[in-house]
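Structure at a glance
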Amino acid sequence: MVRVSVAIPGHPYDVVVGSGILADAASFLPPLLDVRSAFVVADAEAAPRYFEPLAAGLAAGGLEPVLLTVPAGEAAKTLQVFATLLHQLATQEAHRDDLVVALGGGATGDLAGFVAATYMRGLPFVQVPTTLTAQVDAAIGGKTAVNLPEGKNLVGAFHQPRAVLADVGTLATLSERDYRSGLAEVAKYALTLDTRLLEQLESGPGPVLARDPGALEVLIARCAAAKAAAVAEDERDVGARLMLNFGHTLGHALERLDAFEGRSHGEAIAVGMVFAARLSEVRGLCPAGVASRVTRLLTSLGLEVDGSFPPVDDILSALRLDKKYLGGVRFVLLEDVGKPVIVEGVTPQEVGTLLRTLGAGA
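The rules behind the values
Residues numbered from 1 in each chain as written. Predicted model: local features only at pLDDT ≥ 70, side-chain atom pairs only at ≥ 80, totals over all residues. Heavy atoms only, no water. Salt bridge = Lys/Arg side-chain N within 4 Å of Asp/Glu carboxyl O. Buried < 20%, exposed > 50% of the residue type's maximum accessible area, 1.4 Å probe, protein only. Helix = DSSP H or I, 4+ residues; strand = E, 2+ residues; numbered from the N terminus. Lys, Arg positive; Asp, Glu negative; His and termini not counted. Polar contact = N/O pair within 3.5 Å; in protein donor to acceptor, adjacent residues only side chain to side chain. Contact = heavy atoms within 4.5 Å. Pairing = 2+ DSSP bridges. Axes fitted to C-alpha atoms, helices over the stretch in contact; angles between N-to-C directions. 1 Å grid on protein atoms, 1.4 Å probe; cavity = no way out; pocket = protein on both sides within 12 Å on 5 of 7 lines; lining within 4 Å. Points joined across faces, edges and corners; volume = space filled by probe spheres on them. Phe/Tyr/Trp six-rings, centres within 6.5 Å; stacked < 30°, edge-to-face > 60°. Lys NZ or Arg CZ within 6 Å of the ring centre and 35° of its normal. Core = buried A, V, L, I, M, F, W, Y, C linked by side-chain atoms within 4.5 Å. Parallel < 35°, antiparallel > 145°, perpendicular 65-115°, else oblique. Left-handed = near helix turned anticlockwise from the far one by under 90°. Nonpolar A, V, L, I, M, F, W, Y, C, P; charged D, E, K, R; others polar. Arc of directions from axis to C-beta.

What follows covers the pattern of salt bridges. A full pass over the atoms with the stated rule returns 18 salt bridges. Glutamate 74 serves as the salt-bridge partner of lysine 77, at 3.9 Å between the closest nitrogen and oxygen. You'll find lysine 77 and glutamate 74 in the same group, each marked buried. Its salt-bridge partner being arginine 283, residue glutamate 350 comes within 2.9 Å of it at the nearest N-O pair. One end of the pair, glutamate 350, is in helix α13 (residues 348–357); the other, arginine 283, is in the loop between α10 (265–282) and α11 (290–300), with 67 residues separating them in the sequence. With a relative accessible area of 25%, glutamate 350 lands in the partly exposed category. One salt-bridge network, in which partners are shared between bridges, spans Glu74, Lys77, Asp110, Lys152 and Glu255.

Here aspartate 43 lies in strand β3 (residues 37–43). One buried charged residue, aspartate 43, forms no salt bridge at all, with the nearest opposite charge on arginine 49 at 7.1 Å. A polar contact of 2.9 Å, which involves the side chain of aspartate 43, links it to the backbone nitrogen of glutamate 45. Within the structure, the side chain of aspartate 43 is placed 3.3 Å from the backbone nitrogen of glycine 105, a separation counted as a polar contact. The contact partners of aspartate 43, leaving out residues within four places of it in the chain, are Thr69, Val70, Pro71, Ala72, Leu103, Gly104, Gly105 and Thr108.

Another aspect to go through is the sheet that holds β3. Read across the open sheet, the seven strands follow the order β1-β2-β9-β6-β5-β3-β4; overall the sheet is mixed. The open sheet has two edge strands with one neighbour each: β1 (2–6) and β4 (64–70). For this sheet the average axis-to-axis angle between neighbouring strands, irrespective of direction, equals 20°. Across the face of the sheet, helix α2 (residues 79–91) comes into contact with β3 and β4 while running at roughly 155° to β4. Packing against the sheet, helix α3 (residues 106–118) makes contact with β3, β4, β5 (99–104) and β6 (125–129), and its axis sits at approximately 170° to β5.

Attention now goes to empty space enclosed by the protein. Per the stated rule, a full pass over the model turns up one cavity of 30 Å³ or more. The volume enclosed by the largest cavity comes to roughly 100 Å³. Along the walls of the largest cavity sit 13 residues, with Lys152, His252, Ala318, Leu321 and Asp322 positioned nearest its centre.

With that settled, consider the packing of aromatic side chains. Counted according to the given criterion, the structure contains two aromatic pairs. On the basis of an interplanar angle of 15° and a centroid distance of 4.5 Å, the ring pair of phenylalanine 82 and phenylalanine 114 is categorised as stacked. One end of the pair, phenylalanine 82, is in helix α2; the other, phenylalanine 114, is in helix α3, with 32 residues separating them in the sequence. We note that phenylalanine 82, like phenylalanine 114, is buried. Measuring from ring centre to ring centre gives 5.8 Å for phenylalanine 275 and phenylalanine 331, while their planes differ by 40°; the resulting arrangement is tilted. Taken together, the residues span a long stretch of sequence, with phenylalanine 275 in helix α10 and phenylalanine 331 in strand β10 (residues 329–336) at a distance of 56 residues. Taken individually, phenylalanine 275 and phenylalanine 331 each receive the classification buried, so the pair is uniform in this respect. Here the basic side chain of lysine 188 rests over the ring of tyrosine 189, its NZ or CZ set 4.7 Å away from the ring centre.

Turning next to unusual backbone geometry. Despite not being glycine, arginine 121 shows a phi value in the positive range, around 65°. Residue position: arginine 121 is located in the loop between α3 and β6. Among the residues examined, arginine 121 registers a relative accessible area of 81% and is labelled exposed. Positive phi, normally seen in glycine, also occurs at asparagine 153, with a value near 60°. Mapped onto the elements of the fold, asparagine 153 is located in strand β8 (residues 151–158).

Attention shifts here to the nonpolar core. Core analysis: the largest hydrophobic core is formed by 80 residues, its most contacted members being Leu132, Val186, Met273, Val294, Leu298 and Leu355. Those residues in contact with valine 294 that sit more than four places away from it in its chain are Leu191, Met273, Val274, Ala277 and Leu334. One finds Phe51, Leu99, Ala163 and Leu165 within the second-largest nonpolar core, a separate group that totals 25 residues.

Moving on: the packing of helix α5 (residues 176–192) against helix α6 (residues 195–203). In the contact formed by α5 and α6, the axes pass within 6 Å of each other and the chain directions differ by 120°. On the basis of their axis angle, the class for α5 and α6 is oblique. Crossing of α5 over α6 shows left-handed handedness. Counting all contacts with α5, which are made through Val186, Ala190 and Leu191, the residues of α6 involved are Thr195, Leu197, Leu198 and Leu201. Across the contact of α5 with α6, the residue classes break down as six nonpolar, one polar and no charged.

With that settled, consider α11. Looking only at α11, the buried set comprises Val290, Ala291, Val294, Thr295, Leu297 and Leu298. In an axial view of α11, the angular spread of the buried residues amounts to 165°, which keeps them on one side of the axis. If you follow the buried residues of α11, they end up packed against α5, α6, α10 and β10.

Everything listed here is a matter of geometry and, on its own, says nothing about what the molecule does.
Laid out in structure tokens, this is it:
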């Protein structure tokens, strides 16, 4: 078991990574005053697999677990589901010191965290991520949100969890597609903040692809440490934390144009990382060959980086709704691997030209 500290001033907490954590969940929680109930917001895939052991682990610490089931994936991140959860808390007389627990993937954590941030002006919140994407990235850092038809994560709040409990045993039941989707976020850290991790993945990703528990514990802890450092320096996403958006500018636009039902988050981000690397080369920011290195890494992790694009005008319209659009498109680009840089005001013409060279239609 590994503990990674997220040292946010005034809101520190630990990310606990290991096997068998669910069954002993209460022992990893910080002291919580006057908590009676733990309202477990679990997605429809995680609930039948993991609610029972988690409930036992919470009950052992004197908490009464209450299950609130939501759809799996981005389908949960709507204002309608958000409102339903608020009504459920109210009808069950949730107290302001009761606990909200997110059990599932990153979308479940985003939704449950936003509920916790807003009900009675804020309830304590614990993340129990069961997907690789959530364990290495989404569950850490306090970003909570739901989507609108116009864009991803447009309604939300910052609300830090009291703890993140990442049980690597839950990754054994992920589909191959979902698991490899999570590897896109792993690649993001390797390409931007942890070149030692990049070298390890390039030398042989076999144990990671095989889901070896020991390899996963080390991998998730490394990614969590990278995320924790960025969040501790920049909780509100105005400086160093922006580097974690590598690949996400185009990726979020593709997700939105697929109505969150086409490419998975990781699949969209993989395409976005290759695009950002190629844009870095076109702008002369990085040496030739960086984009090829990004492509090789993602391909070795089983991620497709080509695929079809929506029409260029549709992509540009989606980019204008990005939270980071400021008179032009903001991208995280690369001066080299391990050297991300924020570039403001990339013009629609630049984006459109490169998209067309990659096969996007008019």
